[in-house]
Amino acid sequence: MREEIIWKVGGQQGEGIESTGEIFSVGMNRLGYHLYGYRHFSSRIKGGHTNNKVRVSTEKVNAVSEELDILVAFDQESIDVNYHELSEGGVIIADAKFKPENPADSKADLHAVPFTEIAKEHGTALMKNMVAIGATCAVLRMEVEVFTSIIQEIFGRKGEDMVEKNMQAMQAGFHYMKDSLGNEEESLSLAAADGEKRMYMIGNDAIALGALAAGVRMMPAYPITPASDIMEYLIKKLPDVGGTVIQTEDEIAACSMAIGSNYAGVRSLTASAGPGLSLMMEAIGLAGMTETPLVVVDTQRGGPSTGLPTKQEQSDLMQMIYGTHGDIPKVVMAPSTADEAFYDAAESFNIADEYQCPVILLSDLQLSLSKQTVEPFDLTQVDIRRGKVLDEVKEREDKNAYFKRYQVTEDGISPRVLPGTKNGIHHVTGLEHNEEGRPTEATQNRKDQMEKRMRKLDRLVERFPNPVAVNAPHEESDLLLVGFNATRGAIEEAMAELEKEGIKANHAHIRLIHPFPTEQLKPYVDAAKQVLVVENNATGQLANIIKMNVGQIDKIHSHLKFDGDPFYPEEIYQGSKELLEHESIHI
Amino acid sequence: MSPSTFKDFRNNVKPNWCPGCGDFSVQSAIQRAAANVGLTPEDLALVSGIGCSGRISGYINSYGFHGTHGRALPIAQGVKMANRDLTVVAAGGDGDGFAIGIGHTIHAMRRNMDITYIVMDNQVYGLTKGQTSPRSDDGFVTSSTPDGSIEQALPPMETALMSGATFVAQSFSTEIKELTATIEAGIQHKGFSIINVFSPCVTYNKVNTYDWFKENLTKLSDIEGYDNTNRTQAMTTLMEHNSLVTGIIYQEDRPAYEDMVKGYDEKPLAHQDLALDPDYFESLVGEFM
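Residues numbered from 1 in each chain as written. Chains lettered and ligands numbered in written order. Predicted model: local features only at pLDDT ≥ 70, side-chain atom pairs only at ≥ 80, totals over all residues.

Identification of chain B as 2-oxoglutarate ferredoxin oxidoreductase subunit beta from Alteribacillus iranensis is taken from an unreviewed UniProt entry.

Chain A carries the name 2-oxoglutarate ferredoxin oxidoreductase subunit alpha in an unreviewed UniProt entry, which gives Alteribacillus iranensis as its organism.

Spelled out as structure tokens, the structure:
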């Protein structure tokens, strides 16, 4: 009996790999298992190997694993590319149609199941995904009935006949595989789950839902991988609340339009990836200078330039912090799970409104696209805070004086009025300006306004909810593992492995990237013999930020991965061991 | 409350334009037009770009947003979608609208939101001290084209007609009455209106001067039988006159963008209660189970 199995389906892009993975996962989620899925796909629509890997567990999982138990293969390439992940006792279920061959050094058993033939017997070749899911159920020693409701939802509107045929195809796959397995030891039978109802979603869905919960009504955006799901979700939902998505001509327009909407009082966001963020930088500077609230989501992908559009990377960090000319107050947040993505997305709008500045909600491809099990979100945990917005303004004696939109205040945050408000007229400009927003180059005014803008964030870190997520069982540690965004789960699993060997490891996951939570991280760096910063980029961007803020350069090391794949727990474990044994790391 | 006059739209800030600049008349015409159509200063949001003309948002007593170079239109569209009760006017120069911002100009015209876009067209870059503009004539000598421009000038009105603009007009800054009336008509038009105003630069453009325009411009009102609902005639007339006509060139009755967006609230989004209905939220959560 297993508490966890890892399943993968592979084939040519466009032949139903996605739907096979989706149906299997939703079924397992409804049974109460915890899932974490990761798709390998290419920047093309048809053709090319693609696969969808899902970890199914009775416990919460937050990482992709290098290991594999069951491989469902729709072509020989899927076997050739993936068989090395399978260990002793692993199973390959392959379509008999392509006469699958098990590589000589494969440790797994190959079962050729006539997916296509069985599918055609019950309807069309398209149903081969149902046959494959049925066969999977046989390996897991579970009934196929859980999939009935899903098939009903997908094919219900095409008629009962269609539902029936798909169910029969699944049953047939189940029985064929059961016979093929014979009386083999039930090594891959899966322990029952708790049956609890949980959400199963990608990080991008969580971000979009968080935005909706925060009262977003407008999203101007330009399509890009891996951010588009956010706009696609809001295209469906914003009309329900009177709002809309506008697909703009480019990212510059998207960001500028969002600024216009926020200036006029509507919570408006845009979302993109590295290339789009590069284009938005001037506009983000405008939001900083004009003190206009703005939330921009950056779903990092492989860079530079067009880079690896469908692959995992975390290399936008420095650009998100520094990527606009001049000095502006800016906040960079980095949730690490879908759960955090929802609550952080909602909170990002409060921060933008309260501090009147741009907020970057940083994600990465792994977080944005990995489908994962999440506890149902709680709307009562989301509050809406608009900051210093005035509904009414008193008439001024001097008719020519404007409302002091940029009044110098102790906390640097000035009262704000929305256009349309009586007696609230003021000017907004990207030029340096006085308290009324009128352009001026006067030196003292420049100093006053710059200092006012920059001190707005003085108290942000101490007010920010959980800026560093810490799992630190040890007062003094051999090793502090540090990461941000989607590496959270992999680091946790590596840490558990290290613990088994008596290595004292702590974990600090940075959730607020800028302004940097130096005071919150420092005690754990102080208490560690070595620090290993784990990140998906080539230059150790987070490590450099930590060195810059916390110091203690000699003990801060980097574990970098930039081949497009996410970190596996096994790699972080290996990297940690190497560091502890050699006091340096060369992976 | 007594109706506003153009004086209510004055803010007593002295523009930093050169004496004799065409933009003074545009400023005055916007103030007059705003009062004439019955706006109060609070109703008006004036979004401007970067360049000499871009400073106009600071010279009119209304809500003003001076943005980034070439992006007045995206910002203005964002303002309009957030608060559809506001009258939104975007303004800028020919460099702003037809060079760096041409992409936005074309797409704003296709999109047809109910905003008015006024271009102060002086066919040269003024604030950066006299370089060529996409509106400069073939052969125009500037500091960046010492041997004369070798690129074709962009025809804004023809471009507007081809891009689906529903209100296309051209005017001349000294003709303050006609200009004011054109801006009024643009504001009252339901949909996107583009008004290209010849606004001479007295410092860097010694070719396209006030006198030059007086000699070369034709008023559409002087063309017998001109029908500004006829797009073909509009295009032909522009081409026959080397684009040098003034008046409302074309106007079309088409629903504005915001009236066509499914589900878009008739009440300004900016005035909505943001809290989500808990039952609705539960249904959204349920969709992921």
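That shown, we press on.
The number of helices and strands found in chain A is 19 helices and 21 strands. A compact globule built from 587 residues should have a C-alpha radius of gyration of about 25 Å, and chain A, at 26 Å, falls within 12% of that. Dimensions along the principal axes, computed over C-alpha positions, put chain A at roughly 90 × 60 × 40 Å. Per-residue burial for chain A yields a buried fraction of 55% across its 587 residues. (Helix = DSSP H or I, 4+ residues; strand = E, 2+ residues; numbered from the N terminus. Rg over C-alpha atoms; globule rule 2.2 N^0.38 Å. Buried ≥ 20, exposed ≤ 12 C-beta atoms within 10 Å, placed from the backbone.)

Residue and element names in this part refer to chain A. As far as domains go, chain A holds domain 1 (4–181), domain 2 (200–381) and domain 3 (466–582). Taken together, the contacts link 24 residues of domain 2 with 20 residues of domain 3. At the level of elements, α11 (317–322), β12 (331–333), β13 (358–364) and α13 (365–369) are the ones that each hand at least two residues to the side of domain 2 that touches domain 3. Taken together, the residues of the side of domain 2 that touches domain 3 break down into 11 nonpolar, nine polar and four charged. (Domains from an automatic or database assignment. Contact = placed C-beta atoms within 7 Å. Nonpolar A, V, L, I, M, F, W, Y, C, P; charged D, E, K, R; others polar.)

What follows covers the sheet that holds strand β18 (residues 505–510) of chain A. Residue and element names in this part refer to chain A. Reading across from one edge, β16-β18-β17-β20-β21 is the order of the five strands in this open sheet, with mixed pairing throughout. The outermost strands of the open sheet, each flanked by one partner alone, are β16 (468–471) and β21 (556–560). Averaged over all neighbouring strand pairs, the angle between strand axes comes to 20°, with direction disregarded. Looking at chain direction, strand β17 (residues 477–483) and β18 are connected through five bridges and run parallel. Residue leucine 481 lies in a different strand from β18, and its bridge partner there is histidine 507. Sitting on the sheet, helix α16 (residues 488–500) is in contact with β16, β17, β18 and β20 (528–535), with an inclination near 170° to β18. (Pairing = 2+ DSSP bridges. Axes fitted to C-alpha atoms, helices over the stretch in contact; angles between N-to-C directions.)

Bringing the interface of chain A and chain B into the picture now. Tallying the contact residues gives 55 residues for chain A and 49 residues for chain B. Looking at the side of chain A that touches chain B, the elements that each hand over two or more residues are β7 (199–202), α7 (203–213), β8 (218–221), α9 (251–263), α10 (274–290) and β15 (427–429) of chain A. Among the elements that line the side of chain A that touches chain B, the one with the most residues is α9(A), at nine residues. Among the residues forming the side of chain A that touches chain B, the class breakdown is 29 nonpolar, 16 polar and 10 charged.

The UniProt feature table records "domain: Pyruvate/ketoisovalerate oxidoreductase catalytic" (unreviewed entry) at residues 14–174 of chain A. Secondary structure content for residues 14–174 of chain A is 40% helix and 23% strand, and the end C-alpha separation is 24 Å. (UniProt positions renumbered as here; feature names shortened; annotations may be inferred.)

Taking the UniProt record as the reference, the feature "domain: Thiamine pyrophosphate enzyme TPP-binding" (unreviewed entry) is found at residues 50–197 of chain B. Helix and strand shares over residues 50–197 of chain B are 32% and 19% respectively, and the end C-alpha atoms of the span are 17 Å apart.

With that settled, the discussion passes to the packing of α7(A) against helix α12 (residues 338–355) of chain A. All names here are of chain A. Between α7 and α12, whose axes approach to 7 Å, the crossing angle comes to 30°. Relative to α12, the element α7 lies roughly parallel. Like other packed secondary-structure pairs, α7 and α12 cross with a definite hand, here right-handed. The residues of α12 that touch α7, namely those facing Gly203, Ala206, Ile207, Leu209, Gly210, Ala211 and Ala213, are Ala338, Ala341, Phe342, Tyr343, Ala345 and Ala346. (Parallel < 35°, antiparallel > 145°, perpendicular 65-115°, else oblique. Left-handed = near helix turned anticlockwise from the far one by under 90°.)

With that settled, the discussion passes to unusual backbone geometry. In this model, Thr225(A) is joined to Pro226(A) through a cis peptide bond whose omega is 0°. Here the residue pair His514(A) and Pro515(A) is connected by a cis peptide bond, since its omega of -5° sits within 30 degrees of zero. Within the secondary structure layout, Pro515(A) lies in the loop between β19 (512–514) and α17 (518–526). Positive phi, normally seen in glycine, also occurs at Lys99(A), with a value near 50°. Along the polypeptide, Lys99(A) turns up in the loop between β5 (86–95) and β6 (109–113). Phi at Asn242(B) takes a positive value of approximately 50°, unusual for a residue other than glycine. For Asn242(B), a count of 12 C-beta atoms within 10 Å translates into the label exposed.

Further remarks concern the confidence of the model for chain B. This prediction gives chain B a mean pLDDT of 97; 100% of its residues lie at or above 70. Across the assembled chains, the prediction reports ipTM 0.98 with pTM 0.96. (pLDDT = per-residue confidence, 0-100.)

Residues and elements named next belong to chain A. For the pair helix α3 (residues 115–122) and helix α6 (residues 160–181), interaxial distance at closest approach is 9 Å and the crossing angle is 140°. Both α3 and α6 take part in a crossing whose hand is right-handed. Residues Ile118, Ala119 and His122 of α3 touch α6, and the partners they reach there are Lys165, Gln168, Ala169, Ala172, Gly173 and Tyr176.

Residues and elements named next belong to chain A. Ordered in space as β10-β11-β13-β12-β19, the five strands form an open sheet in which the pairing is mixed. Of all the strands in the sheet, just β10 (269–272) and β19 have a single pairing partner and so form its edges. If you compare each strand with its neighbour and ignore which way they point, the axes differ by 25° on average. Contacts from α7 reach β10, β11 (294–300) and β13 within the one sheet, and its direction differs from that of β13 by about 155°.

Here we come to the environment of Ser144(B). All names here are of chain B. With respect to the secondary-structure elements, serine 144 resides in the loop between β4 (116–121) and α5 (156–162). Using a count of 13 C-beta atoms within 10 Å as the deciding quantity, one classes serine 144 as partly exposed. Note: C-alpha distance between serine 144 and serine 2 (142 residues apart in sequence) is 51 Å.

The next point concerns the environment of Val389(A). All names here are of chain A. Topologically, valine 389 is positioned in the loop between β14 (371–374) and β15. Here the alpha-carbon distance between valine 389 and threonine 290, two residues 99 residues apart in the chain, equals 15 Å. For valine 389, the contacting residues outside a window of four places in its chain are Arg416 and Leu418.

Moving on, we get to the pairing of β21(A). Residue and element names in this part refer to chain A. The element β21 is extensively covered by neighbouring structure, given that five of its five residues are classed as buried. Burial of β21 is two-sided: the residues Ile556, Ser558 and Leu560 facing one way and the residues His557 and His559 facing the other way are all buried. Inspection of the sheet shows β20 paired to β21 by five bridges, in the parallel sense. Within the sheet, the bridge partner assigned to valine 534 lies in β21 and is histidine 559. In the classification by handedness, the crossover that spans β20, the intervening helix α18 (residues 541–550) and the parallel β21 is right-handed. (Right-handed = clockwise from strand over helix to strand, strands pointing away.)

Val131(A) and Ile118(B) are the most contacted members of the largest nonpolar core, which totals 240 residues. No other element matches α12(A), which puts 10 residues into this core. Non-local contacts of Val131(A), meaning those with residues more than four positions away in its chain, are made with Val113(A), Phe115(A), Ile118(A), Ala119(A), Ala169(A), Met170(A), Ala172(A) and Gly173(A). In this structure, Cys21(B), Val124(B), Tyr125(B) and Cys201(B) belong to the second largest nonpolar core, which totals seven residues. (Core = buried A, V, L, I, M, F, W, Y, C linked by C-beta atoms within 7 Å.)

Attention now moves to the pairing of β11(A). All names here are of chain A. By the criterion of burial, β11 is predominantly enclosed, with seven of the seven residues buried. Of the two faces of β11, both are covered, the one formed by Leu294, Val296, Asp298 and Gln300 as well as the one formed by Val295, Val297 and Thr299. Each parallel crossover has a hand, and the one from β10 via α10 to β11 is right-handed. Pairing between β11 and β13: seven bridges, direction parallel. Bridge pairing links leucine 294 to proline 358 in β13.

All names here are of chain B. Inspection of the secondary structure assignment puts aspartate 23 in helix α1 (residues 23–36). Once the C-alpha coordinates of aspartate 23 and serine 53 are considered, the two residues, 30 residues apart in sequence, prove to be 6.5 Å apart. When residues no more than four places from it in sequence are discounted, the contact partners of aspartate 23 are Trp17, Cys52, Ser53, Ile56, Met120 and Ser199.

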